[in-house]
Each structure stands twice: as C-alpha cells, then as structure tokens.
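The lines below spell out each chain.
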Amino acid sequence: MRLVILGGGESGVGTAILGLKQGYDVFVSDFGTIAPNYKASLEKYGIKWEENQHTEAEILNADVVMKSPGIPDTVPLVQKLNKNGVEVISEIEFAAQFTDAKIVAITGSNGKTTTTLLTHHVLKSAGLHVGIAGNIGKSFAQQVAEENFDYYVLEISSFQLDGIKKFKPHIAIITNISPDHLDRYEYKFENYINSKFRITMNQDTNDFLIYDNDDAVISSWLGVNTIQANKTPFSLEKELVKGSFVANKNIKNNLKKDEFEMPLEELSIQGKHNIKNAMAATSVAQLLNIRKQTIRESLANFQGVPHRLEKVLKIEGVQYINDSKATNVNATFFALDSMTQSTVWIVGGVDKGNDYTELFSLVREKVKAIVCLGVDNKKIIQHFEGLVDYIYESASMDEAVKTASKLAETGDAVLLAPACASFDLFKNYEDRGNQFKEAVGKL
C-alpha cells in the first residue's frame, strides 16, 4: 500500500512515521520547504521526501493520500486525486484507525484550545494515561506510532474534519459556531456549520455530543438534523434537565445521580466563555466517572492558555492584555465582553470575511480608542468611525503599542484582540502575541 503525504509539517511527518510503522510505502511531498527538524526526522526513518514541488508521477499512484489541513480541496492536484478515485484524508482519520484509545474530540470556532487543555488537565490529574494532540503539541499520528495512551483529547479544526470518513470519537464537543474561515467554504456559513458537525457523523448511541445549548447556530442545526449520539448540553442561560448549567453562582452538572457542584469564583480562569469551557470539561469528566474532588481541584488550579486573554503587565495603572488568539469576530466579542475597564483596542490583520456589526454595542460601551494593526485597515475604519473618538493606524507592533500607551490613562486597559488572521505582518498568532509582549516590555 502506497501512502503519499502532502505537506511536510507536524501532521505530515507524524503520519509518515505511523505509516512506515504500519507497513506502508511512504512518500512525503511539500510544495514549500520542509523545516530542518522535520527533514531530520524523515532522514532518521529513511522516508523518501521532496520539497518545493509536487511530482505528480510520485503522487497520483497513491492508494491513500493524507493532506495537510492547510491545503484546500480546490487545489488542482487534490482535484486530480479525487477524480482518479484516490482517497484523500486528514491525519486524524488516518491515525484513529490504529489506536483503541478512547477519543475526546473538540471543535468550535472559539474556546477549543482552552477546552482541550482544560479537559486534558482534568483527565491527567485523575491519573488517566492520556495524550493531547490535534492542533496542539506533537502530532496525533506520531503519538499513536510511539505511545500507548488509553485516552486522547484532540483539538480538531473544520479543515481536519473535512478529511474524515470513519473517524468516531467517543465524546465530541462543539464549543460554539460563528463565521470563520469562510474563504475556505465558498463564503457560505452553512458549509462551515456542516463541516463542524462532521465531528458527530459517525457517533452512535454509546457516544456523546457535548455542546453549547445557548448557541443559536448549534441549536438550529440540531433542530433539523438527527444525530445518534447522546445530546449533552451546557448552558449559562437556563437550568437543564440533563447537562451542565449555572445556578446560584455555581456550576452544576447532573449527568450522574450524584450531582457535581462548584462555585464560579473558585474557577482559575474567569469570564463567561471560560465558564462554558469549564462546563464542557466537567461533562467529559463526569461521563468518564472522574472523582468530583479531582474535577474541582483541576478547575481551580488550571493555568490559562498563552495568547488568550493573557495579562501581560500593568504599567502606570494600565493593564496590557494579549488576546492574539482572537483571530475572528466571535473571539473578539468574548474578549471585549470580559473587559471591565475603559479599553484601547488594537485590532486588524488579514480579514477573513468578517462582519463587525455584532461588535458595535460592545465597542460603544467599552472602547475609548482603536489602534489598527494591519496592511489594509480600510474595512475596520469604515465600520468603527463614529463609534469611538480616536482611530489610529500603525504599521508595526511597536508602533501600535506605543500609540495605545499614549491613549491609555490610569485605570484603563490596552487589549490586543485582532479579530483577524496574522499573516500580513506576522508568522502566526503566537508570533503576533509574542511581539505584543515584547513591545509592552519595552515601554
């Protein structure tokens, strides 16, 4: 069996190692350059590879192709493979068939990284032999090849879900759904929604789908589509017959006869969205019969995610907050909603078809000035002109932070919540967040 891998990054090299171990004839092809550390791994295992090109003669003869999630289905080579009847799948699909571990799979437009890390933290604290992978850390495929975990907690993007056929998590979570990556979905929101719900398509009546009952998009989809999994909702807005909810300033979970309860003030990460993330993780823990004391302790001592509402420094009474991971409007809504002081907002980057109107009321209420940080800021200026007194443009992170520091007064906050992708001025959202922290450190 010939396995061809398109993309020589984390998921590609991990899949190559697993494929080799499973007896496949493996070939890795990357249209760009392969990083030195990944080349070293391929050389170590004697795996054939190429970079800066796709040699069709080496690719079209594949029995199965694993493509990196960054490669769209519209690429001519992928279309040619589809036309020739070659199965094109994601790393998640390929690796899952070679493990008997129980899988908790988490997707959503926002909150999935925090929920994944928090769920993993709870399970690990309970003494379970558990791996964490997907969009986080070491490749899922490589862990399947080299580790022997009993459980995996996987953060899964819509791009990875587009490449599944039989992938079947025991517990699936959809944190929320809001418009994102629409450039990959023909600018049709319904295509993106359907992509997210692929997470539950192979689940049966022994499996569980945990989801935000307050999310109108999720509720609407579940109202007209049938799923086999047991529905396990969570809500901030109402008490549920079965699920997680808030009552009397406590998280409550009644999935088990012995109800779980924990005061909100004891959670280590605060804000409405983090309460929801905690409720999702609690539901997983309850379904896996983890002791209530362990759940409480884990939720109380969890360290938050870098670049997600990360408090950087307080300088002359001004709090600087890094939410570089807010790469879409919905994440930025959560960030602004959590602000309790007057805010100078740094926003901008590569627009993914954003609708900024849902931010208007929060901007009016909380934002005193906007600093744009992007190559093209026209759309942001057009939308927010008139809502705030000051809008400034900047061409670098240093300039943006200096401008924001001049606008902020004692008691204010400076918030980096870009609502956009980072690729116009930065390598990725981590690079953007790190540059923000460095610039703040220089003030």
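The sections below set out a description of the structure shown in this document. All chains use their own residue numbering, which begins from 1 and follows the written sequence. Reporting in this predicted model follows two pLDDT cut-offs: at least 70 for local features of residues, and 80 or more for side-chain atom pairs to be given and counted; totals over whole chains, interfaces and linings ignore these cut-offs and use all residues. Water and hydrogen atoms were dropped before computing side-chain values, which therefore reflect all heavy atoms in the structure.

### Observations regarding the overall build of the protein
Secondary structure counts use DSSP, requiring at least four H or I residues in a row for a helix and at least two E residues in a row for a strand, with both numbered from the N terminus. Scanning the protein from terminus to terminus reveals 17 helices and 20 strands. The C-alpha atoms of the protein give 22 Å as radius of gyration, which agrees with the globular expectation for 443 residues (22 Å, within 12%). For the C-alpha atoms alone, the extent of the protein along its principal axes is close to 65 × 55 × 40 Å. Here a residue-residue contact requires only that any non-hydrogen atoms of the pair lie within 4.5 Å. For the protein, long-range pairs separated by at least 24 residues make up 64% of all intrachain contacts whose partners lie at least 6 apart in sequence. Accessible surface, the protein: about 19,000 Å² in total, of which carbon and sulfur atoms supply 47%. Between the mean site of the 47 positive side-chain charges and the mean site of the 56 negative ones, the protein shows a separation of 3 Å. Put simply, the radius of gyration uses C-alpha atoms, and a globule should come to 2.2 Å times the residue count raised to 0.38. The protein chains shown are the only cover counted for residues, whose accessible areas, like all others here, come from Shrake-Rupley with a 1.4 Å probe. Positive charge is attributed to Lys and Arg, negative charge to Asp and Glu, and no charge count is given to His or to the chain ends. The location of each charge is read from NZ of Lys, CZ of Arg, CG of Asp or CD of Glu.

### Some details on the nonpolar core
Buried Ala, Val, Leu, Ile, Met, Phe, Trp, Tyr and Cys residues form a nonpolar core when they are joined through side-chain atoms within 4.5 Å. The rule is simple: take the accessible area with a 1.4 Å probe, protein chains only, and divide by the maximum for that residue type; under 20% is buried, over 50% is exposed, in between is partly exposed. Counting 52 residues, the largest nonpolar core has Phe-140, Leu-154, Phe-167, Phe-197 and Leu-209 as the members making the most contacts within it. Those residues in contact with Leu-209 that sit more than four places away from it in its chain are Ala-172, Ile-174, Phe-197, Ile-199, Thr-200, Gln-203, Leu-222, Ile-227, Ala-229, Asn-230, Lys-231 and Thr-232. In this structure, Phe-234, Ile-251, Ile-269 and Ala-280 belong to the second largest nonpolar core, which totals 34 residues.

### Comments concerning the sheet that holds strand E1 (residues 2-6)
What the 5 strands build is an open sheet, ordered E3-E2-E1-E4-E5; its pairing is parallel. Each edge of the open sheet is held by one strand with a lone partner, namely strand E3 (48-51) and strand E5 (87-89). Going from strand to strand, the sheet's axes swing by 20° on average, the running direction of each strand aside. Axis lines are fitted through C-alpha atoms, for helices just across the contact stretch, and the angle between N-to-C directions can take any value from 0 to 180 degrees. Strands in contact with helix H1 (residues 10-21) are E1, strand E2 (25-30) and strand E4 (64-67); relative to E1, the strand with the most contacts, it is inclined by about 170°. Two strands are said to pair when DSSP picks up at least two bridges between them.

### So, the packing of aromatic side chains
Between 30 and 60 degrees the pair is tilted, below 30 it is stacked and above 60 it is edge-to-face, where a pair is any two Phe, Tyr or Trp rings, Trp via its six-membered ring, whose centres lie within 6.5 Å. Following the criterion strictly, the structure yields 10 aromatic pairs and no others. Between Phe-197 and Trp-221, the aromatic rings sit 3.7 Å apart at their centres with planes inclined by 5°, giving stacked as the arrangement. Of the two residues, Phe-197 is situated in helix H9 (residues 189-197) and Trp-221 in helix H10 (residues 216-224); the sequence distance between them amounts to 24 residues. One exposure class covers both Phe-197 and Trp-221, and it is buried. Judged by centre distance (5.3 Å) and plane angle (80°), the rings of Trp-345 and Phe-384 are edge-to-face. Linking Trp-345 in strand E17 (residues 343-347) with Phe-384 in helix H15 (residues 378-384), this pair joins segments that are 39 residues apart in sequence. Judged on exposure class, the residue Trp-345 and its partner Phe-384 are both buried. Taken together, the aromatic side chains of Trp-345, Tyr-356, Phe-360 and Phe-384 make up a single cluster linked through ring pairs.

### Describing the sheet that holds strand E19 (residues 390-394)
Strand order across the open sheet formed by 6 strands is E15-E16-E20-E17-E18-E19, with mixed pairing between neighbours. Only two strands of the sheet have a single neighbouring strand rather than two, namely strand E15 (310-315) and E19. Direction aside, neighbouring strands of the sheet carry axes that sit 20° apart on average. Sheet topology note: the E15/strand E16 (residues 318-322) ladder contains 5 bridges and is antiparallel. Pairing of Leu-313 across the sheet is with Tyr-320, part of E16.

### Considerations on the pairing of E3
The pairing of E2 with E3 spans 4 bridges and is classified as parallel. Considered in E3, the bridge of Val-28 is made with Trp-49. Of the crossover connections in this fold, the one passing from E2 over helix H2 (residues 36-44) to the parallel E3 is right-handed. Crossovers are marked right-handed if the path from the first strand over the helix to the second runs clockwise, as seen with the strands pointing away from the viewer.

### Re the pattern of salt bridges
Only one rule defines a salt bridge in this text: a Lys or Arg side-chain nitrogen within 4 Å of an Asp or Glu carboxyl oxygen. As enumerated under the stated definition, the model contains 21 salt bridges in all. Between Glu-56 and Lys-80 there is a salt bridge, with its nearest N and O atoms 3.0 Å apart. Taken together, the residues span a long stretch of sequence, with Glu-56 in helix H3 (residues 56-59) and Lys-80 in helix H4 (residues 76-83) at a distance of 24 residues. The partly exposed category is assigned to Glu-56, whose relative accessible area is 33%.

### Examining the packing of helix H11 (residues 272-287) against helix H12 (residues 292-301)
The N-to-C vectors of H11 and H12 enclose an angle of 155°; their axes lie 10 Å apart at closest approach. Relative to H12, the element H11 lies roughly antiparallel. For the element pair H11 and H12, the recorded crossing hand is right-handed. Along the contact surface, H11 presents Ala-278, Thr-282, Ala-285 and Gln-286, while H12 presents Lys-292, Ile-295 and Leu-299. We call two directions roughly parallel when the angle between them is under 35 degrees, roughly antiparallel when it is over 145, roughly perpendicular when it lies between 65 and 115, and oblique otherwise. Each crossing gets its hand from how the near helix is turned against the far one by less than a right angle, where anticlockwise is left-handed and clockwise is right-handed.

### Structural notes on the pairing of E16
Remark: a regular strand shows side chains that alternate across the two faces of the sheet. Counting buried residues in E16 gives 5 out of 5 residues, a clear majority hidden from the surface. Residues Val-318, Tyr-320 and Asn-322 point to one face of E16 and Gln-319 and Ile-321 to the other, with burial holding for every one of them. Adjacent in sequence and paired antiparallel, E15 and E16 are bridged by 2 residues, among which Glu-316 carries a positive phi angle near 50°.

### Observations regarding the environment of Leu-18
Mapped onto the secondary structure, Leu-18 falls in helix H1. Discounting chain neighbours no more than four positions away, the residues touching Leu-18 are Phe-94, Ala-95, Phe-98, Ala-141, Val-144 and Ala-145.

### Quick word on unusual backbone geometry
The backbone of Asn-52 shows a phi angle near 60°, a positive value even though the residue is not glycine. Its place among the elements puts Asn-52 in the loop between E3 and H3. Of note in this structure, Lys-249 is not a glycine but carries a positive phi near 60°. In this structure, Lys-249 sits in the loop between strand E12 (244-247) and strand E13 (250-253). When its relative accessible area of 67% is taken as the criterion, Lys-249 is described as exposed.

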